[in-house]
Amino acid sequence: MKPLFTSLLAATFAAGAAFASEDIADQYPQSELYSKPVEVIPHVFSAIGATAPPTYENSGHNNNLSFVVTDEGVVVVNGGASARLAAALHDEIKAVTDQPVVLVINENGQGHAMLGNSYWVDQGVDILAHVDAIEAFTEEADFILQGMQRYNRDKAEGTRVVTPNLTFEDSYSLTLGGVEFEVMHMGPAHDPGDTQVWLPQWNLLIAGDIAFHERMLPIFEGICTSCWLETWEEKMEPLNPTYVIPGHGHPTNLAQVRRYTYDYLSDLREKIGAHIEEGGDLAGAYYVDQERWKGLDTFEELATKNAGRVFEEMEWE
């Protein structure tokens, strides 16, 4: 079976290499989805979102919406950025299988993970998220919804705030149709309640936002980058997945996401640390050398912000 998995994944990478660009407004104009779901390995599909910020043109589909088909039902990872986007994903699922969707897992508390929950709950589907993700979403829910309504305009129709009805703290396990799902919170990383979905028999990790590779990762205010690195070292590396579906960007492998996540964070912290040791201030931190990462999508939007936030973190370490 493994050679088939490998060939399918290689084909996905080859297709993705040409399309991993934030300059493409929409790859799938006949659908609200930014791209048509691809079968990463047998039974595991992902609709790869834009690597650009959310816009009307990409319908807010700028993260990966994945689903796993089993003989007893379908598990979806991410609710989507709106009810209409969730419905578009459901249409694609119905084209693949007659099995019902039985569970939706939100990978964090951001809008593009949770705002589509309103569609899924209306279908009678259970929704699962980490307790910290639910808390973070609930605190900002009205603001998140209004932000989506501003860029999505008529495409926001029917979307309302719905919080998950199932929660977990460390892990949540289920077996469906002979497929084992281990839903995990590895530890502090990109966002409160970051969630990963591990399929052990296929050695595949739906990693969420602990792992980036085609676009520059964003460092939000208050994020502990040293904790992110520690989580990676203690949980991500020992897991050693063969296949990785990141929160953004095409399916890949551990070495690729390590390079653009762990190595990027380590490099930026090293540069900021040297800047602080030389007596540098916040204004100067924005201009530390990040040329090595210039080829990543969203570099222009995020590089200086990331440097500033790492400075604010490290000056008190």
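Here is what the cut-offs are and how they apply
- Residues numbered from 1 in each chain as written.
- Predicted model: local features only at pLDDT ≥ 70, side-chain atom pairs only at ≥ 80, totals over all residues.
- Heavy atoms only, no water.
- Bend = angle between axes of the 7 residues up to and from the residue.
- Helix = DSSP H or I, 4+ residues; strand = E, 2+ residues; numbered from the N terminus.
- Buried < 20%, exposed > 50% of the residue type's maximum accessible area, 1.4 Å probe, protein only.
- Contact = heavy atoms within 4.5 Å.
- Pairing = 2+ DSSP bridges.
- Right-handed = clockwise from strand over helix to strand, strands pointing away.
- Axes fitted to C-alpha atoms, helices over the stretch in contact; angles between N-to-C directions.

Trainee: Just give me the short version of helix α5 (residues 131-152), but keep the residues and values in it.
Mentor: At Glu 140, α5 shows its largest kink, close to 70°. For α5, the set of buried residues is Ala 133, Ile 134, Phe 137, Ala 141, Ile 144, Leu 145, Met 148, Tyr 151 and Asn 152. In this structure, the buried side of α5 is in contact with α3 (111-114), β6 (126-130) and β7 (166-168). Following α5 by one or two positions, Arg 153 has its phi on the positive side, about 50°.

Trainee: Give a detailed account of the environment of Leu 296, specifying residues and quantitative values.
Mentor: Relative to the helices and strands, Leu 296 resides in the loop between α8 (282-285) and α9 (299-314). Take Leu 296: its relative accessible area is 8%, and that puts it in the buried class. For the pair formed by Leu 296 and Arg 309, sequence separation is 13 residues and the distance between their alpha carbons is 19 Å. Not counting chain neighbours up to four residues away, the residues in contact with Leu 296 comprise His 213, Glu 214, Arg 215, Met 216 and Tyr 260.

Trainee: Can you lay out the pairing of strand β12 (residues 243-246) for me, pointing to particular residues and giving the numbers?
Mentor: Judged by which residues are buried, β12 turns out to be covered on both faces: Tyr 243 and Ile 245 on one side and Val 244 and Pro 246 on the other are all buried. When strand β11 (residues 204-208) meets β12, the two strands line up parallel, connected through four bridges. Within the sheet, the bridge partner assigned to Gly 208 lies in β12 and is Pro 246. At this point the chain moves from β11, through helix α6 (residues 225-239), to the parallel β12, and the crossover so formed is right-handed.

Trainee: Can you tell me about the sheet that holds β7, naming the residues and giving the values?
Mentor: Strand order in the open sheet formed by seven strands is β1-β2-β3-β4-β5-β6-β7, with mixed pairing between adjacent strands. The sheet terminates laterally at β1 (38-41) and β7, the two strands that pair on one side only. Here the strands of the sheet are splayed against their neighbours by 25° on average, with no regard to which way each runs. Bridging between β1 and strand β2 (residues 44-47) involves three bridges; their strand directions are antiparallel. Across the sheet, Glu 39 pairs through a bridge with Phe 45, a residue of β2. Strand contacts of helix α2 (residues 83-96): β2, β3 (65-70), β4 (73-77) and β5 (101-105), with the helix running at about 30° to β3, the strand carrying the most contacts.

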